[in-house]
Amino acid sequence: MTLDRPAAIAATGLRKAYGEQTVLDGIDLTVAEGTVFSLLGPNGAGKTTTVQILSTLIQADGGSISVAGHDLAADADGVRGAIGVTGQFSAVDNLLTGEENLLLMADLHHLDRHEGRRRTAELLERFDLTDAAAKAPSMYSGGMRRKLDLAMTLMGDPKVIFLDEPTTGLDPRTRRTMWEAIRELVAGGVTIFLTTQYLEEADELADRIALLDHGKIVAEGTSDELKRLIPGGHLRLQFDDPAELDQAARTFAGSTRDDAALALQIPSDGDVHSLRAVLDHLDVASIEVASLTVHTPDLDDVFLALTGRPAEAAEEAAGETAEKETVR
Amino acid sequence: MSTLALAARDSRTMLRRNMRRWVRYPAMTVQLIGIPVIFLLMFAYVFGETLGAGLGGPSGDRADYINYLVPGIILMTVSASVQGTAISVAMDMHEGIIARFRTMAISRGAVLTGHVIGSFLQTLVGLVIVTGVAFLIGFRTNGNVAEWIAAIGLICLFSIALTWLAVAMGLKAKSVETASNLPTLLVLLPFLGSGFVPTDSLPAGMSWFAEYQPFSPVIETVRGLLLGTEIGTNAVLALAWTAAIGLFGYVWALRLFRRPPVR
């Protein structure tokens, strides 16, 4: 669905090293216009460095980059005119009020006085900040600061928006609000480059996901494509009677039994075809099954399989997204 | 709009932002203007009698010393003020908003120009207050209008030069807490020069340093213009130092500003 659109961001062979330490080791990225691309990885993978390079903050050591149709090396100002950046550390002026912060952005985007005031009021309204407009951001909650930050980014009507861990440290409710705002932007045709350490966030928002680890992209694709990359999908049959379990274990070669739980795991990629085959076998052998669940691997599994260790985010978010099960 | 007009517009926007920040955070301004006023009053009334006698002037009293003291205090006002510049630049660099400015299509130098002009205006306010206090406690000048204009001109140029240096120091600082360390030297320099006592009254080694360090020729030139003492080569030296400091500070600041952000 996205492949035939022109690229909003195209980077090849991106390299960056600080002294001896290689941060980005030749990464390639293509982000189609009007889509959400998520760069997913643990702390220190190189996500922020990538955003800093693509948003003209720092220079890459090597590689060619084009953002919103402008070559970054030749026309950095062209790039700057088309992008907006919101980082995990809020870039607001703490001594100005929320409204003054937005008006400052309007001035820097060279909007005339009237237009600047109009856009400011509109953005305050949109992000539910009208009541807090006259207060300094130091009085704001973390979520309000992040919303003001995003509102400031939107003042210039950017075509491409970089969101560097936009929801890190936010409570789940505010995170949902940010997600809604991001979806609205995409609906309006904006291209989003999102970095996150939350697997769930990438899963929710991104059209395409790239997994970054130690400065290299270890996998790229849609959420489903990535999940298919790894084994781990299985059907789990639950029984009431040990005898039924015995019989089922004999019927399905390659299955693993869990006597304590009276359950049997059958490897499966979860498609309807193999599911029907299993059900047919159960029918023929007249085995009574209490319940059946389909387990598809989630991005956690993908990360673990591709990097050999769990994503740090997975530990952080433990309990929030335990295991994804689809009961059919 | 032309590039130059855009740069001017962005600089004005940044200046407005800085002025607003001064208003919101007046404690620093008050402190920076308070320091030279306190030193003026302390040296005039606590040490003035003795130091006046040591000068060997016409009457050799406190009134003589106040006249001698004021040009040094004026320069101290400038260096105290640019200390504030370094702190506010460092605050900016660590607040993340500079990173936002860098990703926007605005004039590159506008952020720094805004700081320099804002600080300069603040220094002017400080100078007016300090000079006013000086007149109140008995500072008397025999300079004519042309000499006053020349003195004000030199002080302004020297302020702008020091402000650029302070901007660079603020950019160089690893944290807001350490931003005032380097500029503190600037506040001390009037002491290690001809600001409070004549340089030939200092110990041999220090006297040589005091004679040639940048503040002394500026102080001596201002003193000559306002009080009629001999200026000699000091005017040329003062202008040379001003140009050198200004150029060095400007180039250093721009270099540091182009550097990748702290985080």
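Rules and cut-offs
- Residues numbered from 1 in each chain as written.
- Chains lettered and ligands numbered in written order.
- Predicted model: local features only at pLDDT ≥ 70, side-chain atom pairs only at ≥ 80, totals over all residues.
- Heavy atoms only, no water.
- UniProt positions renumbered as here; feature names shortened; annotations may be inferred.
- Helix = DSSP H or I, 4+ residues; strand = E, 2+ residues; numbered from the N terminus.
- Buried < 20%, exposed > 50% of the residue type's maximum accessible area, 1.4 Å probe, protein only.
- Contact = heavy atoms within 4.5 Å.
- Polar contact = N/O pair within 3.5 Å; in protein donor to acceptor, adjacent residues only side chain to side chain.
- pLDDT = per-residue confidence, 0-100.
- Domains from an automatic or database assignment.
- Pairing = 2+ DSSP bridges.
- Axes fitted to C-alpha atoms, helices over the stretch in contact; angles between N-to-C directions.
- Buried area = accessible area lost by both parts, 1.4 Å probe.
- Salt bridge = Lys/Arg side-chain N within 4 Å of Asp/Glu carboxyl O.
- Phe/Tyr/Trp six-rings, centres within 6.5 Å; stacked < 30°, edge-to-face > 60°.
- Lys NZ or Arg CZ within 6 Å of the ring centre and 35° of its normal.

For chain B, an unreviewed UniProt entry supplies the name Transport permease protein and the organism Jiangella anatolica. Its UniProt record, at the heading Sequence similarities (unreviewed entry), says of chain B: "Belongs to the ABC-2 integral membrane protein family."

By the naming in an unreviewed UniProt entry, chain A goes by ABC transporter and is assigned to Jiangella anatolica. The Sequence similarities (unreviewed entry) field of the UniProt record for chain A holds the comment "Belongs to the ABC transporter superfamily. Drug exporter-1 (DrugE1) (TC 3.A.1.105) family." Under the UniProt heading Subcellular location (unreviewed entry), the entry covering chain A gives this text: "Cell membrane".

All names here are of chain B. Residue placement: Asn67 occurs in helix H4 (residues 62-93). According to the relative accessible area criterion, Asn67 is buried, its value standing at 17%. If sequence neighbours within four positions are ignored, Asn67 has contacts with Gly138, Phe139, Arg140 and Leu227.

All names here are of chain B. For His115, the position within the fold is in helix H6 (residues 110-136). Within the structure, His115 has its side chain in polar contact with the side chain of Asp92 (distance 2.9 Å). Setting aside residues up to four positions removed in sequence, His115 forms contacts with Asn18, Ser88, Val89 and Asp92.

Attention now goes to the confidence of the model for chain B. Per-residue pLDDT for chain B averages 88, and the proportion of residues at 70 or more is 96%. Helix H3 (residues 48-55) of chain B is the least confidently modelled element of chain B, averaging 78 in pLDDT, while helix H7 (residues 145-172) of chain B averages 95, the highest of any element.

This part is about the domain arrangement of chain A. Domain annotation of chain A identifies domain 1 (7-228) and domain 2 (234-295). The straight-line distance from the C-alpha centre of domain 1 of chain A to that of domain 2 of chain A is 46 Å.

This part is about unusual backbone geometry. All names here are of chain A. With a phi angle near 50°, Ala68 is a residue other than glycine that sits in the positive phi range. Within the secondary structure, Ala68 is located in the loop between strand S4 (62-67) and strand S5 (70-71). Relative accessible area serves as the criterion here: at 23%, Ala68 is assigned to the partly exposed category. We note that Glu165 has phi near 45°; this positive angle belongs to a residue other than glycine. Considering the arrangement of structural elements, one finds Glu165 in the loop between strand S7 (160-164) and helix H6 (172-187). For Glu165, a relative accessible area of 3% gives the class buried.

Residue and element names in this part refer to chain A. The sheet built from six strands is open, its strands ordered S6-S7-S8-S3-S9-S10 with mixed pairing. Whereas interior strands pair on both sides, the edge strands pair on one side only; in this sheet they are strand S6 (83-86) and strand S10 (216-221). In this sheet, neighbouring strand axes are inclined to one another by 15° on average, regardless of whether the strands run parallel or antiparallel. For strand S3 (residues 36-40) and strand S9 (residues 208-213), the ladder comprises four bridges, and the chain directions are parallel. The residue bridging Leu39 from the neighbouring strand is Ala210, located in S9.

All names here are of chain A. The strand order across the open sheet built from four strands is S2-S1-S4-S5, with neighbouring strands paired in antiparallel fashion. Every other strand in the sheet has two partners, leaving strand S2 (21-32) and S5 as the edge strands with one partner each. Note: strand S1 (residues 7-18) against S4, five bridges, orientation antiparallel. Across the sheet, the residue bridging to Ala10 is Ser66, located in S4.

This part takes up the UniProt feature "transmembrane region" (unreviewed entry) in chain B. Residues and elements named next belong to chain B. Sequence positions flagged by UniProt for "transmembrane region" (unreviewed entry) are, in local numbering, residues 22-48, 68-91, 112-139, 145-167, 179-197 and 235-257. End-to-end, the C-alpha atoms of residues 145-167 are 33 Å apart, and along that stretch the chain is 100% helix and 0% strand. Annotation note: span residues 179-197, helix share 42%, strand share 0%, distance between end C-alpha atoms 29 Å.

With that out of the way, let us pick up the interface of chain B and chain A. Between chain B and chain A, the contact holds 27 residues from the first and 31 residues from the second. Summing both sides of the interface, chain B and chain A together bury roughly 2500 Å²; the carbon and sulfur share of this comes to 58%. The largest per-residue losses of area from chain B upon contact with chain A belong to Arg24(B), Arg100(B) and Thr103(B), which jointly make up 25% of the total buried on that side. Linking chain B to chain A there are six salt bridges.

Think of a pair of aromatic rings as described by two things: how far the centres are apart, and how the planes are tilted against each other in angle. Inspection of every chain in the model, using the stated rule, returns 15 aromatic pairs over all chains. Geometrically, the ring pair formed by Phe43(B) and Phe196(B) is tilted, given 4.5 Å between the ring centres and 50° between the ring planes. You can see Phe43(B) sitting in helix H2 (residues 26-45) and its partner Phe196(B) sitting in the loop between helix H8 (181-188) and helix H9 (204-212), a full 153 residues away along the chain. For the pair Phe43(B) and Phe196(B), a shared accessibility class is recorded, and that class is buried. One aromatic cluster is present, formed by Phe39(B), Phe43(B), Phe47(B), Phe191(B) and Phe196(B) through successive ring pairs. If you follow Arg175(A) out to its NZ or CZ, it ends over the ring of Tyr198(A), 4.1 Å from the centre. One residue, Arg223(B), lies across the ring of Tyr68(B), its end atom 3.5 Å from the ring centre.

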